[in-house]
Structure formats: C-alpha cells, structure tokens
Amino acid sequence: IMYTFKKIAVTSRQLCAVDLPQQIRRLASAGALRPDMVIVREKDLPEEEYEILAGQVMAVCREQQMGCVLHSYPGVARRLGCPAIHMPFAYFREQWESLLDFRVRGTSVHSAEDALWAQEHGATYVTAGHIYPTDCKRGLAARGTQFLERVCRVVSIPVYAIGGITPQRMDEVKKAGAAGACMMSEYMKI
C-alpha cells in the first residue's frame, strides 16, 4: 500500500522559543518541511492545562489546514471534538476498546509484535522508534532502520518513524518503508 509520505511534528513546548500555538503557526510557513500533521504530546501537563493548550493548537491547525492528533487524554479529545488520538502503548493496550469512536487511533510501538497487536486491536497507524539516537531517549540504543523495515513489513497500517529524525534522514526512513516521519526537536526549534 502506498501512502503520501507524511511529515509529522510532535510537540514539546519546552523546546520552543515562543509559545506553542505561535510555534505551530511558524511551522505552517516552513515551506517543504511544513508538517502534514501535529501530535500534541505535552505529556507532563495535567489534563485541565493540556485541554486549554490542545484547544489553542487545534485552532491553529484548523486555520492552517494541518491535521491534529491529541495525545494521552481521550476525554480531552472528545470534549474538543478532535477525531484523532495517540496513546502510549501501555495505555493503548488497556483502553483500545474505548478508543474505537476515534477516526484516527495511533500508538507508539517498540517491536514488530507490538505493531501487529496494535493493528489487530484497531490502531489506524503506529509510530515506531526510536530509529536514531535522540536526546529524548538519552542512553538508550537506537533501534535503527532494520527495525523500522521489520515493523513496516508486518503491518498494513501506516508506520511513522520517530526518534532522532532530521530532514536529512527522511529519505532513509522512507526507503525502509515508513509512511511518514515524526520530528520533535527539528520542528520545535524552527
């Protein structure tokens, strides 16, 4: 199955020089690097604060015609009318049945077995990583492009590479079969 290769911005407001909604607006004018989709990750925020920020980011994404996926808080996504949710794998395993009302359901996988399980339990995409060394996972060995190829081979849903991806590495993950690439640092520091 061929998909248009997607560029995905994963947020981390701590890395931004400006507030997050403003940063997302900046990304909208990033030319060839403009993301197709934004995953609002801010995992450290309590639900109420996350909801406020997510609402602001969703508004910018709507205005700029970029997809928006909320992270970890399905209740927030439902209240804000966001049809897309991304869950860490442990939560996805526990809650997958209650997520079937979302049009887009993603989870993070760290093995081909996880990816297969996620697909069989309703995930519409997975992020697979971390592919390259990254500050987010300091001290943890990168899984590399062979790992990415294996995940892409076992599932038919889109697999988005994550972890240490730079614009220079996008072709490499595309060749490995990824349907897209997620970048955090690169996008939060533009």
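Shown above is the structure to which this text applies.
What counts, and where the lines are drawn
Residues numbered from 1 in each chain as written. Predicted model: local features only at pLDDT ≥ 70, side-chain atom pairs only at ≥ 80, totals over all residues. Heavy atoms only, no water. Helix = DSSP H or I, 4+ residues; strand = E, 2+ residues; numbered from the N terminus. Rg over C-alpha atoms; globule rule 2.2 N^0.38 Å. Buried < 20%, exposed > 50% of the residue type's maximum accessible area, 1.4 Å probe, protein only. Contact = heavy atoms within 4.5 Å. Areas by Shrake-Rupley, 256 points an atom, 1.4 Å probe, with all protein chains shown as cover. Lys, Arg positive; Asp, Glu negative; His and termini not counted. Charge placed at Lys NZ, Arg CZ, Asp CG, Glu CD. Axes fitted to C-alpha atoms, helices over the stretch in contact; angles between N-to-C directions. Parallel < 35°, antiparallel > 145°, perpendicular 65-115°, else oblique. Left-handed = near helix turned anticlockwise from the far one by under 90°. Nonpolar A, V, L, I, M, F, W, Y, C, P; charged D, E, K, R; others polar.

Mind laying out the overall build of the protein, listing which residues take part and the relevant values?
Secondary structure summary: the protein contains 8 helices and 8 strands in total. Expected size for 190 residues packed as a compact globule is a radius of gyration near 16 Å; at 15 Å, the protein falls within 12% of this value. Along the first, second and third principal axes, the C-alpha set of the protein runs to 40 × 40 × 35 Å. Looking at the protein residue by residue over its 190 residues, the buried ones come to 53%. Pairs at least 24 residues apart make up 57% of the contacts formed inside the protein by residues separated by at least 6 positions. Summed over its atoms, the accessible surface of the protein is roughly 9200 Å², and 50% of this surface lies on carbon and sulfur atoms. Considering the protein, the positive charge centre built from 23 side chains and the negative charge centre built from 20 side chains are found 5 Å apart.

Summarise helix α5 (residues 112-120); cite the residues concerned and give the values.
Buried within α5 are the following residues: A112, D114, A115, W117 and A118. Looking at the buried side of α5, the elements it contacts are α4 (89-95), β5 (104-109), β6 (125-129) and α6 (144-154).

Could you give an account of the packing of α5 against α6, with specific residues and numbers?
Running from N to C, α5 and α6 cross one another at 30°; their axes reach a closest spacing of 9 Å. Regarding the angle of α5 to α6, the classification is roughly parallel. In terms of crossing hand, the pair formed by α5 and α6 is right-handed. For the pair α5 and α6, the contacting residues are A112, A115 and L116 in the first and R150, V151 and V154 in the second. Class assignment of the residues belonging to the contact of α5 with α6 gives a composition of 5 nonpolar, no polar and 1 charged.

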